[in-house]
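# Coordinates in review
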Amino acid sequence: MLFVGRGRLALPLAPGLARKWDAIGRELDYAVVGASEDGRGVADGRFRLQAASRVGRLDGALFHLRLPFVLRRELDRFRPDVVVAADPFVGLAVLAGRGLSASTPKLIVEVHGDWRTFSRSYGSSLRRLLGPVADRAAAQSVKRADATRALSGFTSGLVEEVRGRPASASFPTYSDLSAFAEAPVAPLPARPTALFVGVLEAYKNVDGLARAWRQVVARLPEARLVVVGRGSRRQVVEDLVAELPGAVEHHESLEPQEVAGALDEATVLVLPSWPEGLGRVVIEAFARGRGVVATGAGGILDLVTDGVEGILVPRADDEALAAALVRALSDRPLAGRLGRAARLRYADWHSTPERFASEFRALVDATIAGTAR
């Protein structure tokens, strides 16, 4: 198996990633083409990590433009039976690289989220100009794949829209959640606190969260919002911090153990995304025994039952989001019930490297045999 993605990796791998790839290595012979986290090119027995572009704004575009030629070399060298593309756009590059190579491996395209998000609601607004072309290109990648892998019912549904049938397999990527699951669940904090963790991009509805939080503070002055993340909508958060000092704080990034600590200091997690492939941070909140106030959309619906593990609100409804936050933050018994149900629900989403590798092996075998429908 040759795995191809733009995810940034650093060698040696962090312990959680190392366990995942060690488990895959016991099931499959594999190599990885990706991007280097430190910006320098790296090549060893398993990993071929591309150096970053000197022009940061063009890094993504140049990575994808170079990728077919990088893949031609890797396909000729490694001769994989199957190539796994981390998203439909990488899948296009794999199709182009396969056309340049004498090797003709099968292609599995992974769908982790709505590809239309990346061209319209992520990064520069100029990306929207490419939206229609990017949509068609990504759809062709999914359609021409030999097999597909989804993370949730929502992303499997996106595959079905294009291929006329659900994804060949649907299972989440293994994530090392030991920082969240090992310690006993902490009691709810004295101060009502909502926590947001994620990229500060339009599709996360950061603007809507800011508008809703102004309403929350007007009705619940002691409430606090903690935002963890960076992205193109950072200024929205910084403006909110300046406007409501003491009621909002912002951290660009936290280590997993620190995110777990932030969840312990929170009453609920808030996730007002428009589309969400699955929502790993929801699973992290479940592990810490915290309920969720979230948009009832996308993969969130695979995780959260309204009124059980969380409160779900309509997409882009600031008033409903504010009301749900006030309700969860002001009703401590309710927050406690949501948290206890969330902790029980976590067991359904707990995985191991071995389980993930076994599921991937089954998908690869079915793809080679032509039975991954």
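Read on for a plain summary of the structure. (Residues numbered from 1 in each chain as written. Predicted model: local features only at pLDDT ≥ 70, side-chain atom pairs only at ≥ 80, totals over all residues. Heavy atoms only, no water.)

### Here's the deal with the sheet that holds strand β10 (residues 224-228)
As a reminder, the rule being used: Following DSSP output, two strands are said to pair if at least two bridges run between them. Secondary structure elements follow DSSP: runs of H or I no shorter than four residues count as helices, runs of E no shorter than two count as strands, and numbering proceeds from the N terminus. Orientation is described by lines fitted to C-alpha atoms, with helices fitted over the stretch in contact, and by angles between N-to-C directions that extend from 0 to 180 degrees. Contact definition: two residues touch when any of their heavy atoms are within 4.5 Å.
Spatially, the six strands line up as an open sheet ordered β11-β10-β9-β12-β13-β14, and their pairing is parallel. The strands lining the two open edges of the sheet, one partner per strand, are β11 (248-251) and β14 (310-313). For this sheet the average axis-to-axis angle between neighbouring strands, irrespective of direction, equals 20 degrees. Pairing geometry for strand β9 (residues 193-197) and β10, over five bridges, is parallel. Looking at β10, one finds that Thr-193 is bridged to Arg-224. Sheet strands in contact with helix α13 (residues 318-330) are β9, β12 (268-271), β13 (291-295) and β14, and its direction is about 165 degrees off that of β14.

### Section: the sheet that holds strand β3 (residues 42-43)
Taken together, eight strands build an open sheet; the order of strands is β3-β4-β2-β1-β5-β6-β7-β8 and the sheet is mixed. Two strands bound the open sheet, and with one partner strand each, they are β3 and β8 (169-170). One ladder, built from four bridges, connects strand β2 (residues 31-36) with strand β4 (residues 47-50); its direction is parallel. In the sheet register, Gly-34 faces β4, and the bridge partner there is Leu-49. Packing of helix α2 (residues 59-78) onto the sheet brings it into contact with β1 (2-9), β2, β4 and β5 (82-85), and relative to β1 it is tilted by some 145 degrees.

### Quick word on unusual backbone geometry
For residues besides glycine, phi is generally negative; the peptide bonds are generally trans as well. Note the threshold: Any residue under 20% of the maximum accessible area for its type is buried, any over 50% is exposed, and the rest in between are partly exposed; the area is computed with a 1.4 Å probe on protein chains only.
Each neighbour pair has its own omega, and for Leu-11 with Pro-12 the value is 0 degrees, a cis peptide bond. Along the chain, Pro-12 turns up in the loop between β1 and α1 (15-27). Of note, Arg-79 is a non-glycine position whose phi angle comes to about 50 degrees, a positive value. Within the element layout of this structure, Arg-79 appears in the loop between α2 and β5. Among the residues examined, Arg-79 registers a relative accessible area of 46% and is labelled partly exposed.

### Concerning the pairing of strand β7 (residues 147-150)
Filter applied, for reference: Classification remark: right-handed applies to a crossover when, strands pointing away from the viewer, the course from the first strand over the helix to the second runs clockwise.
Along β7, one buried face is formed by Ala-147 and Arg-149 and the opposite face, lined by Thr-148 and Ala-150, is buried too. As paired strands, strand β6 (residues 106-111) and β7 are joined by four bridges and run parallel to one another. Within β7, the position partnered with Val-111 by the bridge is Ala-150. For the segment spanning β7, helix α6 (residues 153-163) and β8, crossover handedness is right-handed.

### Description of the side chain of Glu-284
Topologically, Glu-284 is positioned in helix α11 (residues 280-287). Ignoring sequence-local partners within four residues, the contact set of Glu-284 consists of Leu-177, Phe-180, Val-259 and Leu-263.

### Concerning α6
Defined as follows: The directions considered for the arc run from the helix axis to the C-beta atoms.
Residues of α6 that are buried include every one of Thr-155, Ser-156, Leu-158, Val-159, Val-162 and Arg-163, and no others. One side of α6 holds all its buried residues, which, seen down the axis, span an arc of 150 degrees. The first or second residue beyond α6 is Gly-164, which carries a positive phi of 80 degrees.

### Focus on the pattern of salt bridges
Going by this rule: Should a side-chain nitrogen of Lys or Arg be within 4 Å of a carboxyl oxygen of Asp or Glu, the pair is scored as a salt bridge.
What the rule picks out here adds up to 23 salt bridges. Where Glu-74 meets Arg-48, a salt bridge forms, and the shortest distance between an N and an O atom there is 3.7 Å. With Glu-74 in helix α2 and Arg-48 in strand β4, this residue pair connects regions lying 26 residues apart in the sequence. Each of the two residues, Glu-74 as well as Arg-48, counts as buried. One salt bridge in this structure joins Arg-149 and Glu-110, with 2.3 Å as the shortest N-O distance. Taken together, the residues Arg-149 in strand β7 and Glu-110 in strand β6 connect sequence positions 39 residues apart. Classification of Arg-149 by relative accessible area gives buried; the value is 1%. The structure contains a network of salt bridges with shared partners spanning Arg-48, Arg-73, Glu-74 and Arg-77.

### Looking at the packing of aromatic side chains
Worth spelling out the cut-off: Side-chain rings of Phe, Tyr and Trp, where Trp is taken by its six-membered ring, are said to pair if the distance between their centres is within 6.5 Å; with planes under 30 degrees apart they count as stacked, over 60 as edge-to-face, and otherwise as tilted. Our definition puts a charge over a ring when NZ of Lys or CZ of Arg is within 6 Å of the ring centre and also within 35 degrees of the ring normal.
Under the counting rule described, the total for this entry stands at seven aromatic pairs. Each ring, one from Trp-21 and one from Phe-47, has its centre 6.2 Å from the other, and the planes form 85 degrees; the classification is edge-to-face. Placement of the pair is Trp-21 in helix α1 and Phe-47 in strand β4, with a sequence separation of 26 residues. Side by side, Trp-21 and Phe-47 carry an identical accessibility label, which is buried. Members of the aromatic cluster, joined through ring pairs, are Phe-3, Trp-21, Tyr-30 and Phe-47. A cation over a ring is seen here: Arg-46 above Tyr-30, with NZ or CZ 4.2 Å from the ring centre.

### Some remarks on the pairing of β5
The two faces of β5 match: Val-82 and Val-84 on one face and Val-83 and Ala-85 on the other face are all buried. Direction of pairing for β1 relative to β5: parallel, over a ladder of three bridges. Considered in β5, the bridge of Phe-3 is made with Val-84. Taken together, the four bridges between β5 and β6 define a ladder with parallel strand orientation. Across the sheet, residue Val-84 finds its bridge partner in β6, namely Ile-108. Crossover connection from β5 via helix α3 (residues 88-100) to parallel β6: handedness right-handed.

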